[in-house]
Amino acid sequence: MGNFAKIAAVTGGTGILGSRLIYDLLDRGYKVRALKRKNSSLERVHTLFKVWGNDNRFSMIEWFDGDILEEKSIENLLLGVDYFFHCAAMVSFLPSEREKMIETNVNGTKIALKASLNAKLKKLCYVSSIAALGREQDKNKIINEDTKWQESKSNSAYSKSKYLAEQEVWDKIKKFGLNAVIVNPSVIIAAAPDNKSSAKFFFTAEKGNPFFTDGINGFVDVRDVSKAMIELCESHINGERFILNEGNYSYRKIFELIAKYLGKNPPYIRLTPFLLNLLFVADKIRSSLIGSQPILSREIIKTATSKYFYSNEKIEKHLDFKFIPIEIAIKEHSEFFQKIRRIHRENF
């Protein structure tokens, strides 16, 4: 371990990416401060540290209670900090949560940027998303860092919120010379203790998921996203964005690999757009009858059936970066998932 010569601050530290980033920063000798809500449980992070192989690092984290929408919280977090990793974001495809998501992702980023300029950081790393990139009209064209955003009904509210937040970062780079890099991860492969984000893939496969869709998307191991973020911050690169994507795969392929490594049957029922829309209507009726949030949305259906292709040439060229092959990523995260489930059974 190092001598804590470098101090890093992380928002979104209780999320899967934030947790992995903290784990890797500690491994590299950083002193790490992480923001969390006052009532947030840290058991999720502690479990992940155990599964990844070194839960002794968990006690080394300096946690700050606060909120990304509170200026004072971010100002306190960044006192004396060298590197700031802004990972916090809200992800939702539910219409009822659009305004809250835009408030969290856009205004939260504005507050983070203001505090960053005052703190005189060495560098900021902002976690955007491939969702913030433009969607090519030519569906067979590969999307890269130069693809321009296009206003379209096919853009989700989450996409728009990340695009707008990213524009705030570009604005501060151009107007004030903020030393910053932006990363645009594709769908992150990671096992977690709860059924959220892409960790849902593992929970769904565990139950014996028979369904698949025709969609294609980019996928990347969470460990690669964390590694790239740290290496970019430690480099002389500034004012650039980087797509983080191992490769482009069909959802069917991803579901088949997860089923394979969890010892389950592969999916075999194709969900066409027509069937998905029938399920959407049924889910809407069900949720209204029992007073719960719907599971499906038009945006989820659009994502599950669309085909997008992303380039990873820029990060490979600038950092000589080598991604973990997606099958190895899924194999190892399936093992992590099984360890998580064993820990859960032992505790309950």
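First things first, this report covers the structure right here in the doc. Being a predicted model, the structure only gives us computed values, none of them experimental.

Notes on the overall build of the protein chain
1) Next: Scanning the protein chain from terminus to terminus reveals twelve helices and twelve strands.
2) Next: Its C-alpha radius of gyration of 20 Å places the protein chain within 12% of the 20 Å reference for a compact globule of 348 residues.
3) Next: With the C-alpha coordinates of the protein chain rotated into their principal frame, the extents come out at 55 × 50 × 45 Å.
4) Next: Look at the contacts in the protein chain between residues 6 or more apart in sequence, and 80% of them connect residues 24 or more apart.
5) Next: Accessible area for the protein chain stands at about 16,500 Å²; split by element, carbon and sulfur atoms hold 51% of it.

Thoughts on the pattern of salt bridges
Side chains that differ in sign of charge can pair as their charged atoms come close.
1) Next: Counting across every chain of the model gives 25 salt bridges.
2) Next: A salt bridge links Lys 36 to Asp 65, with the shortest nitrogen-to-oxygen separation between them at 2.7 Å. Within this pair, whereas Lys 36 is found in strand S2 (residues 31–36), its partner Asp 65 is found in strand S3 (residues 62–65), the two being separated by 29 residues in sequence.
3) Next: Taking relative accessible area as the criterion, Lys 36 reaches 11% and is therefore assigned buried.
4) Next: Residue classification places Asp 65 among the partly exposed residues on the basis of a relative accessible area of 46%.

A few points about the sheet that holds strand S9 (residues 216–221)
1) Next: Spatially, three strands are ordered S7-S9-S11 in an open sheet, and the strand pairing comes out mixed. If you trace the sheet from one side to the other, it starts and ends with strand S7 (187–189) and strand S11 (247–250), each paired once. Taking each pair of neighbouring strands and ignoring which way they run, the sheet shows an average axis angle of 50 degrees.
2) Next: The pairing of S7 with S9 spans three bridges and is parallel.

Brief notes about the nonpolar core
1) Next: Residues Ile 22, Leu 25, Phe 49, Phe 85 and Met 229 are the most contacted members of the largest nonpolar core, which totals 66 residues.
2) Next: Setting aside residues no more than four positions away along its own chain, Phe 49 makes contact with Ser 19, Ile 22, Tyr 23, Leu 26, Asn 54, Asp 55, Arg 57, Phe 58 and Ile 61.
3) Next: Leu 124, Ala 165, Leu 178 and Ile 182 belong to the second largest nonpolar core, which has 25 residues in total.

Points about the packing of helix H1 (residues 16–27) against helix H7 (residues 222–234)
A pair of packed helices is characterised by two quantities: the angle between their axes and the separation of those axes.
1) Next: Close contact between H1 and H7 brings their axes to 9 Å; oriented N to C, the two are set at 55 degrees. With respect to their mutual orientation, H1 and H7 come out oblique. The handedness of the crossing between H1 and H7 is right-handed. The segment H1 lies against H7, with Ile 16, Leu 17, Arg 20, Leu 21, Asp 24 and Leu 25 engaging Val 222, Arg 223, Val 225, Ser 226, Met 229 and Ile 230.

About the cut-offs
Residues numbered from 1 in each chain as written. Predicted model: local features only at pLDDT ≥ 70, side-chain atom pairs only at ≥ 80, totals over all residues. Heavy atoms only, no water. Helix = DSSP H or I, 4+ residues; strand = E, 2+ residues; numbered from the N terminus. Rg over C-alpha atoms; globule rule 2.2 N^0.38 Å. Contact = heavy atoms within 4.5 Å. Areas by Shrake-Rupley, 256 points an atom, 1.4 Å probe, with all protein chains shown as cover. Salt bridge = Lys/Arg side-chain N within 4 Å of Asp/Glu carboxyl O. Buried < 20%, exposed > 50% of the residue type's maximum accessible area, 1.4 Å probe, protein only. Pairing = 2+ DSSP bridges. Axes fitted to C-alpha atoms, helices over the stretch in contact; angles between N-to-C directions. Core = buried A, V, L, I, M, F, W, Y, C linked by side-chain atoms within 4.5 Å. Parallel < 35°, antiparallel > 145°, perpendicular 65-115°, else oblique. Left-handed = near helix turned anticlockwise from the far one by under 90°.

This is a description of form; function is not addressed.
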